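# Observations on chain architecture
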Amino acid sequence: MNDILSRRKLKAKIFRIIATISTWSSIIILIILLGNIALDGFSNINWTFLSSFPSRFPHKAGIKAAIWGSIWMLALVAIIAVPIGVSAAIYLEEYAKKNKLSRFIEINIANLAGVPSIIYGILGLTIFVRFFQLDRSLLAGSLTMSLLILPVIIMAAREAIKAVPKSIRLGAFAVGATRWQTIQSHVLPASTPGIFTGVILAMSRAIGETAPLIMIGALTYVAFVPENINDPFTTLPIQIYNWVSRPQVEFHHLAAAGIIVLLVVLLTMNATAILIRNRSLKKYKW
Amino acid sequence: MNNKIIIETKNLTLSYGKHPAIRDCNIQFLKNKVTAIIGPSGCGKSTLLRTFNRMNDFIDNFNIEGEVLFEGKDINHSDMDPVEIRKRIGMVFQKPNPFPKSIFDNIIWGPNINGFIGSQQELVENCLIDAGLFDEVKDRLNSSAMELSGGQQQRLCIARAIAMKPEVILMDEPASALDPKATMKIEELIKKLKKSYTIIIVTHNMQQAARISDNTAFLYEGELIEYGKTNSIFTKPDKQQTEDYITGRFG
Amino acid sequence: MRLLFRQINLKEKGIEIFLSLSAFVSILTTMGIIMILFTESFQFFKNVSPVEFFFGTQWEPLLVPKSFGILPLLSGTLIIVAGSALISIPFGVLTAIYLSQFASEKTRNIIKPVLEILAGIPTVVYGFFALSFITPILRSILPFTEVFNAASASIVVGIMILPMVASLCDDALRSVPRSLKEGGFALGSTDFEVIKGVLVPSAFSGIMASFILALSRAFGETMAVTIAAGATPKLTINPLESIQTMTSYIVQVSLGDTPQGGIEYQTIFAVGIVLFGVTLLMNFFANWVMNRYREVYE
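The rules behind each value
Residues numbered from 1 in each chain as written. Chains lettered and ligands numbered in written order. Predicted model: local features only at pLDDT ≥ 70, side-chain atom pairs only at ≥ 80, totals over all residues. Helix = DSSP H or I, 4+ residues; strand = E, 2+ residues; numbered from the N terminus. Rg over C-alpha atoms; globule rule 2.2 N^0.38 Å. Buried ≥ 20, exposed ≤ 12 C-beta atoms within 10 Å, placed from the backbone. Contact = placed C-beta atoms within 7 Å. Pairing = 2+ DSSP bridges. Axes fitted to C-alpha atoms, helices over the stretch in contact; angles between N-to-C directions. Domains from an automatic or database assignment. Nonpolar A, V, L, I, M, F, W, Y, C, P; charged D, E, K, R; others polar. Core = buried A, V, L, I, M, F, W, Y, C linked by C-beta atoms within 7 Å.

The next thing to look at is the overall build of chain C. The helix and strand inventory of chain C stands at 12 helices and 2 strands. Its helices and strands taken in sequence order, chain C reads α-α-β-β-α-α-α-α-α-α-α-α-α-α from the N to the C terminus. In terms of overall dimensions, chain C is more spread out than a globule: its C-alpha atoms have a radius of gyration of 24 Å, far above the 19 Å expected for 298 residues. Seen through its C-alpha atoms, chain C measures out along the principal axes to roughly 80 × 70 × 35 Å. Across the 298 residues of chain C, 48% fall into the buried class. Of the contacts made within chain C by residues no fewer than 6 positions apart, 73% connect residues no fewer than 24 positions apart.

Residues and elements named next belong to chain B. The sheet built from 6 strands is open, its strands ordered S6-S7-S8-S3-S9-S10 with mixed pairing. Lying at the two open borders of the sheet, with one neighbouring strand each, are strand S6 (89–92) and strand S10 (223–229). With direction set aside, neighbouring strand axes in the sheet form an average angle of 15°. Bridge count between strand S3 (residues 34–38) and strand S8 (residues 198–202): 4 bridges; the pairing is parallel. Note on S8: the bridge partner recorded for Ala36 is Ile201.

It is worth spelling out the domain arrangement of chain A at this point. Residue and element names in this part refer to chain A. Under the domain assignment used here, chain A contains domain 1 (2–44) and domain 2 (49–283). Here domain 1 and domain 2 have C-alpha centroids that lie 34 Å from each other. With 6 residues of domain 1 at the interface, the matching set in domain 2 holds 7 residues.

Residues and elements named next belong to chain B. Within the secondary structure layout, Thr230 lies in helix H9 (residues 230–235). Taking the C-beta count within 10 Å as the criterion, Thr230 has 20 such neighbours and is therefore assigned buried. Separated by 138 residues in sequence, Thr230 and Val92 have C-alpha atoms that sit 22 Å apart.

Now for the interface of chain A and chain C. Tallying the contact residues gives 64 residues for chain A and 63 residues for chain C. For the side of chain A that touches chain C, the leading source of residues is helix H1 (residues 2–41) of chain A, giving 19 residues. Considering only residue class, the side of chain A that touches chain C consists of 40 nonpolar, 18 polar and 6 charged.

Another aspect to go through is the nonpolar core. In this structure, A:Ile153, C:Ala130, C:Val156, C:Val165 and C:Ala224 are the most contacted members of the largest nonpolar core, which totals 248 residues. Ranked by residue count, the leading element in this core is helix H6 (residues 150–174) of chain C, at 17 residues. Taken domain by domain, this core gets at least three of its residues from each of domain 1 (2–44) and domain 2 (49–283) of chain A. Contact partners of C:Ala224, with chain neighbours within four places excluded, come to C:Thr123, C:Tyr126, C:Gly127, C:Ala130, C:Ala153, C:Val156, C:Val157 and C:Met160.

Here it is as structure tokens:
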């Protein structure tokens, strides 16, 4: 009997070891991944790199165009997607009755969040580039990306709005406030930190996406900084992809350097989001 | 003695979906009096109270049959604006629900959105004095309302309600979440407030009803069993059911 | 001056309508996707028979002689999905079990952010990692591995979706009430037996749904496979060869100079509709599993 029991206990112990190793291997993988990229690209990070345009010659190439393209695109996407996304979330949480239509919209948004990004590229190509004739411009790219991250923003904003206790709204209604007055003065201020965090996470996604922008024609060789929303453009991920696709090893090092820049930007954005989330948890202790 | 009727219900039936919470209720609330609504849990007291300021509008499958007359007019008539009604009939909730803003902003917000012109400082101070809270907070009007104790928050909610200068204040078990000392303060406040306001208070605490109200209505399973002067209800009730409830034979 | 309440009501109604339009943008998006994919595919299927498309084993739409059988692309995608499942499912579930059953608060506070970081790394970076790190290692162990191969891509896609499996399974496991676990322990079972016999079956619907969602993501993955897996459509089960997925084919066409309106251009939509359809079905299936087998705990 004891023999069987000790076998069972051994099994349990082995299992626990396997589970522990599996879990900690994620950290190891992350370290290897980041280490590999850092080692590969670090030597290329210098001011020349950051301030030059791409070139056929690796030693002259830089990501200035890509950085500015990404900045422009992020700004435009924020202007387009955030108002629409937050408005939709407000409508769905505060106004819409719980009926079949609102349920349908909910399911629809959840599905859109799971559609592969390249499909959005096809959508953007057909509607913005061809039909609206925006050509391969920043505007077309930003509109396409906005549609891509819209479901993410809507879902995050809804969670933030839902977290505001119902009692606050009832208190406002009880002093004779209209629904919009209540939303404007109480619900929105309280949910803004959560919405902001969600927006930053959505933007993190947008800045790293490549496929949709390739489809709408964001160029892989851009030697200028965009000056208005109708200009063609490139972004960090696209430039990285371009360099990775070249056979010469020097371009691979450049790609690694570009990745470092991209990851630094992402790290900053997410750190900001976390800081805001923690600060706001102190203020709104429900 | 001017016993004017301010709110009156006629054949009022309230239901959630098909399930009736209040059946065929006829009751008159008198101006500048404190009326208590008592009864065991689940008898429909809160549902009835929330109907008077149309807070039940926010519940999806809620149905009203019959009339609720405020100064003679049916508040559920399509011409009546619920937002207007809530300005004239205020409410204090069971659990204090101050806004996550400063004490000052909590009180002035309601009047502001209604186009209040005049001295904000004066209005806030007067409301705090009337709610018996001013002395405790006069030095920190700009600090967050969330830092106050439960009892203080509730008095703040009362101050917020009276800042709108309503005619009626509905109170849904306002002291049930508070300790005895805070409860006492609320009860004294209610007795003072009735000089300027009509108060309808739902309470499951019979002794509280006996202490502070002029009239008492006893509800049981959605029906109004008995209604009259508090004194009579508690000393010589007409109905056996009322007597059973008051003497604690069921609860 | 106070507005009459009818004027205020007008303003309120106006705001409500404006906000509802924003919500309808999402419906417009879906309608747009469906409409475009269907109408353009319809053009495609006027020229290519569906039988050839869905059952043909040769995909060569750009060079003569042209062939339009999608099976090579489909098999390429499926190898990636299968390979990434081999990595993400075991590691993901084990991680979830560890996090929900064994890990201390401190450990959770380290591992969870690590997983979030892994999930947030852009797919180009994973593609680069596959090509520059994984592939050389693979080639040194198995020298007949091609420079572009499905295995490297599968590995990184697996790493990419592991956090998703881990996080969703963690949620599912944590929502099992303590009382069930305690019941198992009270019968004298070991950790492993309780996990295997009580916990995992009780969280079954959530765990299954997480697999389907993660695999749906792998199905639609684009950049990592474009960079590392190759551009040769091939019906094969050998992961060490170069292949092409449906997604990387679409990228390839758009990088080229394909004129609009030609049959080559239309292939984008035909492949796209298959991609869209499969991922949509997988997402619906995941939801159905959640709802159908949802264990109701009071």
